[in-house]
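Read off the chains here:
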Amino acid sequence: MKIGLDLTSLQGPHRMRGIGYTLINFINNIPAHERNRHAFIFYIYAADREATLNILNLDGLQYEIREIEPRLRIAKRLPSRLGMLTGAANQLIELRDLCFGDSRIRDVTGVEVFLQTDQSQPLPGGRTVVKGLIIYDVIPYALEWDYLWSYKTARAKGFSRKAALRVHTRRLLYILKIKINTRRADKLLSISESTKKDFVRYVSAPLRKIVVTPLGVTMPSSDKRADRTQLYKYVKSPWGYIRRPMILEHTVPFLLFVGGADRRRKLEDVVIAFNKIRARGHKLTLVLAGDSMKGPENISTEEIQSALKKSSYLDDIVFMGFVDDKERDWLYAHALAFIFPSRAEGFGLPVLEAMAHNCPVISYRNEATVEVAADAPTYANSAEELTECILKALSRTEQQVDAIRKKGKLQAMKYDWQRTAQTIIEVISA
């Protein structure tokens, strides 16, 4: 069977996010017998083509490359209020592609099955092509107060009628595009039961199309605690925040967060809990890692930035920015706990990743995280509960910590990328 795959999500911002991570791990973990059975047709932009292919494990894979051009968009904005027409025209172009087939992917000759791993990208045309779509979440729509406001919410936040209507239109367009895509797909591969429920509830996706195909987690190659590695942090200077070498002392425990400053991830609650514990006289450091974690001013979420700036213990909050695999592994191995205060997830991969690396987890309770992590993490739902969970973590014996590490590791081992890749191929080729 010939399977088409859109690789363009690896050539933009999604490469470092869940969509790119899923696509890379799917391809890299296709079992050997499936590599012999199927041929793959990769659709990719010419720019950075080789660099993109180099991150993939293509050994033993039969594949063909078809270069495509970026989607046509109107780049030049009209002056003044007429500029809105430019945005409207681009929205119509996008809707046209969603309804009638991706204008970038016109040559589907020989393709029997097409898998789109980005739920926001159009599926190709062609009646003979079976179309599979991986679906992740509708969090921007479900958590309306934090993301895509309705007219009523926008008015409650002080927007004018005209501005509220514009915001509400953006919300409707978001869900409309997803509805169109899910209707054109022959098979919907949901990353969790929680996501499946949300797509039925908010998108009215037909149950007969949806198959739950959980993601996997990459297990560390060794259970040995990571050796000392050079760590870096961002410190304030007259020229902004600059990167400098640092040492995390073993004598002072640290809490770890790895990820982005997303509104649904209530990092402000972590800062509040951290302040309370420090005020009680406990020695503790908070380590924040991720692309945007380069100092308070570099975090765009207002609530998080404000909580950080107001903290009396800001000097004990470490901003590491992006960390490579070696730095991340060391942090997981030595953290008191990985803190994940997320109100909603599509799958909860960061929690599984931390547990795979033997790191105790304190997480907010949300449906997807409980589904995949079960009772391995310690759960909280507020800054007050986070405070109590962290205090308990500080008082645990070595034997108790070892038991928590083992429990988390065993739970993470239930999710394997090879099993995920095998399931995806079975579903789309059935």
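Structural data are supplied above this passage.
Residues numbered from 1 in each chain as written. Predicted model: local features only at pLDDT ≥ 70, side-chain atom pairs only at ≥ 80, totals over all residues. Heavy atoms only, no water.

Peer 1: What should I look at first to understand unusual backbone geometry in this one?
Peer 2: A positive phi angle, near 60°, is found at S204, a position not held by glycine. Summarising the element assignment, S204 is placed in the loop between helix 8 (193-202) and strand 7 (210-212). One non-glycine residue, N358, lies in the positive phi region at around 65°. What makes N358 buried here is its relative accessible area of 17%. (Helix = DSSP H or I, 4+ residues; strand = E, 2+ residues; numbered from the N terminus. Buried < 20%, exposed > 50% of the residue type's maximum accessible area, 1.4 Å probe, protein only.)

Peer 1: Quick question: what am I supposed to make of the environment of Q11 here?
Peer 2: Structurally, Q11 is set in the loop between strand 1 (2-6) and helix 1 (18-28). With 41 residues separating them along the chain, Q11 and T52 place their C-alpha atoms 6.9 Å apart. Ignoring sequence-local partners within four residues, the contact set of Q11 consists of I44, Y45, A47, D48, R49 and T52. (Contact = heavy atoms within 4.5 Å.)

Peer 1: When you look at the sheet that holds strand 2 (residues 39-45) in this model, what are you seeing that I'm missing?
Peer 2: Remark on secondary structure: sheet strands pair via backbone hydrogen bonds, oriented parallel or antiparallel. The seven strands are arranged 3-2-1-4-5-6-7 in an open sheet whose pairing can be described as parallel. At either end of the open sheet lies a strand with only one pairing partner, and these are strand 3 (62-68) and strand 7. Averaged over all neighbouring strand pairs, the angle between strand axes comes to 25°, with direction disregarded. Pairing of strand 2 with strand 3, which is carried by seven bridges, proceeds in the parallel orientation. Looking at strand 3, one finds that I41 is bridged to E64. In the packing of helix 1 onto the sheet, the strands contacted are strand 1, strand 2, strand 4 (113-116) and strand 5 (130-135), and the crossing angle to strand 1 comes to about 150°. Packing of helix 16 (residues 417-429) onto the sheet brings it into contact with strand 1, strand 2, strand 4, strand 5, strand 6 (187-190) and strand 7, and relative to strand 6 it is tilted by some 165°. (Pairing = 2+ DSSP bridges. Axes fitted to C-alpha atoms, helices over the stretch in contact; angles between N-to-C directions.)

Peer 1: Where do I start with the pairing of strand 10 (residues 254-258) in this structure?
Peer 2: Regular strands place their side chains on alternate faces of the sheet. With five of five residues buried, strand 10 is to be regarded as a mostly interior element. Taking every second residue as pointing to the same face, both faces of strand 10 are buried, with F254, L256 and V258 on one and L255 and F257 on the other. Judged from the five bridges that link them, strand 10 and strand 11 (residues 285-289) form a sheet pairing that is parallel. From the neighbouring strand, L256 faces strand 11, where its bridge partner is V287. Regarding topology, helix 9 (residues 267-279) serves as the crossover connection from strand 10 to the parallel strand 11, and that connection is right-handed. As defined by bridge partners, strand 10 adjoins strand 13 (residues 337-340) across two bridges and the pair is classed as parallel. Looking at strand 13, one finds that L256 is bridged to F338. (Right-handed = clockwise from strand over helix to strand, strands pointing away.)

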